[in-house]
Each structure stands twice: as C-alpha cells, then as structure tokens.
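# Secondary and tertiary structure notes
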Amino acid sequence: MDVNAAVAAAAAIAGVLTGVIAMLAFRWSEREQKRPTRTSLHTDPVLPPGVDTVLSVLRSSAVVLDEADAVVKASSAAYALGLVRGGKLAVEPMLQMARDTRRDGEIRQVELDLPRRGTGRGEALAVSARVAPLGSRLVLLLVEDLTEARRIEAVRRDFVANVSHELKTPVGALSLLSEAVMDASDDPEAVERFAGRMQIEATRLTSLVQELIDLSRVQNDDPLEDAEPVRVDELVAEAIDRCRHQAGTKEITMAAGGTADLHVWGNRGQLAAALGNLVENAVNYSPARTRVGIAARKVNAPGGEHIEIAVTDQGIGISDKDKERIFERFYRVDPARSRATGGTGLGLAIVKHVAASHGGEVTVWSAESQGSTFTLRLPEAGAARDRAHQQPARQIRAGGAGLDEEAGRSTPTSPESTAYETLPAPEVLP
C-alpha cells in the first residue's frame, strides 16, 4: 500500500513539473514572437498618425524611407516616375540627400534632370526634390514634376523673342526710310520710291499685329459658342477672292472643285481665316504660271462623317525635317523667301489651332520640287452639331497625309489620292 502511494505521489509531481515546463515554454515563445526583429524593423515601421492620409492627397510624388534606406511608403506617382524600384529609392542624388538629412536633420531641396523610363529619346524629366525628417527614424521625400512648367516657360520665352525680332525688322525699316525721305525732300522720285517701301513695311507690320491678334483669339475663344452651319463652297470662294490679286500678278491659275453643297459646323470667321491662310501660302510659294487647286469631299471616319478641304500647289515643296515644324509659330521653311512674300510665320499656327478647336485636324503631304497638299479635315455639320460640347479631337499632327499611329511614323500618300480622288473636274476661276 505504501508503495502504491509513493508511485502515485511521484506521478503527480511529474505531472506538475511537466505543466510548469509547458507553461514556461509557452510564455517564452509568446515573448519571442512579440520581440521586434531586424526584418520587421525594416519592412513594417509605423508611420506617425495622419501622415498616411496626408501623403495620399498630395499632388507631389511622395516616398518615406526608414533608417536603412528602405522604402516604407511610396505613392503611385513615385513608381510612375521611376523613383522607386525593388523597394529602394533608385535615384542616387535623392538617396544621398535623404542620408544627409537623417544625419543632421536639415531640410534640403534640389532640382534634377532625370532620364525618362521606357523611351529611347534623349528627353530629360525635370523634377524638384525636397527632403525633410519625419519623426526620429523616418525621412520624407517629395518630388515635383517640373517638365511641363519648363516647357511652357520655354514656349513663352521663345514666343516673346520671336515677336520682338519680327517687330524689330519693319519698325527699323520704317525708321530708316523716314530718315531717307527727309534727306531726299528735294528729290520727288526718291521720295516716291521710299514712300512705297514704307507702305510695304507698314503693311507687313499691320499683318503681323493682326495675325498675333487672330492667334490669341483662336487660342482663347471657344468657336463653338457662336457656331453655325457653314457652306464649304462659300469658304472656298472667299479664300480664292482673297488671293485673286496675288495670283493674277504671278499668272497663277486657281481652280476649285470637288463635291458641292457640303457644310461644316463652326465659327465662320475662323474657318474662313484658316482656309484663306492655306490658299495664300499656296499662291505665295508657287512659281509663276502654275496652278493651285482647292477641292472638297466628304469622307467616313470613326468619329462620324468629315469634310476634307485640300489645297494643292506646285511650289517648292517641304523637306521631311521641316514637316515636323511647319505648324510652329514663326517657323519658316525658307526665311528669305517668306520675307520676300511678306509672310509672318503665323499662318499655319492659326490653321492648326482653328482645326483643333473645331474638333478636326490639318495634315500635309509634300515632296521637294513637286509641291504640297494641305488637307483641312473638319467634322460634317450634322455630326459636329451633335458633339458641339464634347472635347476636341486629337492633337494636330504635322506629318504626312497618312499616319501609322501604332508605329508613330508618317506614311505619306500622293496628293492625287488625298485631294482629288473620285472628285469631279474643278472649275477654273480666272
């Protein structure tokens, strides 16, 4: 009996010891799980309250780094700009700024030019980076994309420089000619000659100022506010009448043809100015005793029926390198010839903006020494009226008359296929 009691007592003691050991092991395991590890310190730090919400509404690209330079949080814009790759900050100058700020706590800011991701072009991405401490362990990096702002500033700067240069030429000529008139007051023939030159320069100055006003108006105004159905035949007749004197001086034949009784929807004054600029350019850049043709037709397009008005000349043509820039303000294919014809370099820029604001586009086919065909494509009046308050169509392209959009390269077609295919014989206007 005593033996049995001893065995039972020993078993009870063993059970108690086993339970105590198990409880201690459980407590130790629980404490080890709660203890922070090196990995958890680097991957799961806690942001200060409210920081996550603030970063989510910022327009700037935001990146938060811990003491090991690992990315704690990054906005989608930061990934889009290529700032963060593989959980690390990929821009070495910004990373060095973050380390310096973590060391001394000072706020730093710098502007950098970064290569664009995924493009073979040499364009740079202009950014402004600002680094500041965030608590005792974290560093906040804010990056602002300045590329578009710099581009707009460059456009404004070039525009002011070009306007100043263009105004300086006729103003200086008028000043010199007025002095010449004063010196030749006793020579009627010289006075008449200088006065004629002064009229030419004054006309050029007036034309430049007027085209600047027109360009500003088509950029700032909404042409569809006062839109109406406009007959294409009337636009063509007005453009021909505008250039009749210049064409007659050079013995250039102007011919109008195509489909009759077509209508477009838009501002009559702006459409007349755009087509008039195309016809005027065709006359100015065509040799004497050649032909300028204006043809209109209706074509089917994905967005609805469009009206194409093609202006074809037999002039000097445009090289491939110039095709990409001819719609820029003040750009001239042949500056010397443009000055001889009184061109300001704003006509095609006005055409581009008028086409875009009316939901259309302007394209060009050209070959050197063979002539050019400018095609103004606008929505047909019925379809355009239904979309009057929708966003304008794609940005104007300045390549060939056809475009392979997927490959991004121009595929020029002949002027006959773009301007006169399936069109009746044009009417010759003297």
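## A closer look at the overall build of the protein
Looking only at helices and strands, the protein has 15 helices and 17 strands in total. When contacts within the protein are restricted to residue pairs at least 6 apart in sequence, long-range pairs at least 24 apart make up 65% of them. As displayed, the protein offers around 24400 Å² of accessible surface, 54% of which is attributable to carbon and sulfur atoms.

## Topic: a negative patch on the surface
Residues Asp186, Asp187, Glu189 and Glu192 make up a contiguous surface patch of negative charge. Summarising the element assignment, Asp186 is placed in the loop between α6 (147-183) and α7 (188-220).

## Comments concerning the packing of aromatic side chains
Counting across every chain of the model gives 1 aromatic pair. Summarising the aromatic geometry, the rings of Phe327 and Phe374 are spaced 6.4 Å apart at their centres and angled 80° between planes, so their arrangement reads as edge-to-face. Taken together, the residues span a long stretch of sequence, with Phe327 in the loop between α11 (320-323) and α12 (335-341) and Phe374 in strand β14 (residues 371-379) at a distance of 47 residues. Cation over ring: Arg193 sits above Phe194, and NZ or CZ is 5.1 Å from the ring centre.

## Overview of the pattern of salt bridges
This structure, assessed with the given rule, holds 21 salt bridges. Of the charged contacts in the structure, one is a salt bridge between Arg150 and Glu111, with a shortest N-O distance of 3.0 Å. Here Arg150, found in helix α6, pairs with Glu111, found in strand β5 (residues 108-115); they are 39 residues apart in sequence, far enough to count as distant. Salt-bridge contacts for Arg377 lead to Glu308; the nearest nitrogen and oxygen are separated by 2.2 Å. With a gap of 69 residues between them, Arg377 in strand β14 and Glu308 in strand β12 (residues 304-312) connect regions that are remote in the sequence. Of the residues examined, Glu308 reaches a relative accessible area of 6% and is grouped as buried.

## Let's talk about the sheet that holds β5
Pairing is antiparallel in the open sheet, where 5 strands are placed in the order β2-β1-β7-β6-β5. At either margin of the open sheet sits one strand with a lone partner, and together these are β2 (71-74) and β5. The sheet shows a mean angle of 25° between the axes of neighbouring strands, direction not considered. Here strand β1 (residues 61-65) pairs with strand β7 (residues 138-145) via 5 bridges, running antiparallel. Pairing of Val64 across the sheet is with Leu140, part of β7. Across the sheet, helix α5 (residues 92-104) touches β1, β5, β6 (124-134) and β7, and the angle it forms with β5 is around 165°. Packed on one face of the sheet, α6 meets β5, β6 and β7 and runs near 135° to β6.

## Details of the confidence of the model for the protein
Across the protein, the average pLDDT comes to 76, with 72% of residues at or above 70. Put simply, strand β15 (residues 403-404) is where the protein has its lowest mean pLDDT, 30, and helix α8 (residues 232-242) is where it has its highest, 93. Segment residues 36-44 is flagged for pLDDT under 50; beyond a separation of four residues in sequence, or across chains, it makes 6 contacts in the model. Ignoring residues within four places in sequence, the model shows residues 391-430, a span with pLDDT below 50, making 91 contacts including any to other chains.

The rules behind each value
Residues numbered from 1 in each chain as written. Predicted model: local features only at pLDDT ≥ 70, side-chain atom pairs only at ≥ 80, totals over all residues. Heavy atoms only, no water. Helix = DSSP H or I, 4+ residues; strand = E, 2+ residues; numbered from the N terminus. Contact = heavy atoms within 4.5 Å. Areas by Shrake-Rupley, 256 points an atom, 1.4 Å probe, with all protein chains shown as cover. Patch = residues over 30% accessible without salt bridge, like charges linked within 9 Å, V, L, I, M, F, W, Y side chains within 5 Å. Salt bridge = Lys/Arg side-chain N within 4 Å of Asp/Glu carboxyl O. Lys, Arg positive; Asp, Glu negative; His and termini not counted. Charge placed at Lys NZ, Arg CZ, Asp CG, Glu CD. Phe/Tyr/Trp six-rings, centres within 6.5 Å; stacked < 30°, edge-to-face > 60°. Lys NZ or Arg CZ within 6 Å of the ring centre and 35° of its normal. Buried < 20%, exposed > 50% of the residue type's maximum accessible area, 1.4 Å probe, protein only. Pairing = 2+ DSSP bridges. Axes fitted to C-alpha atoms, helices over the stretch in contact; angles between N-to-C directions. pLDDT = per-residue confidence, 0-100.

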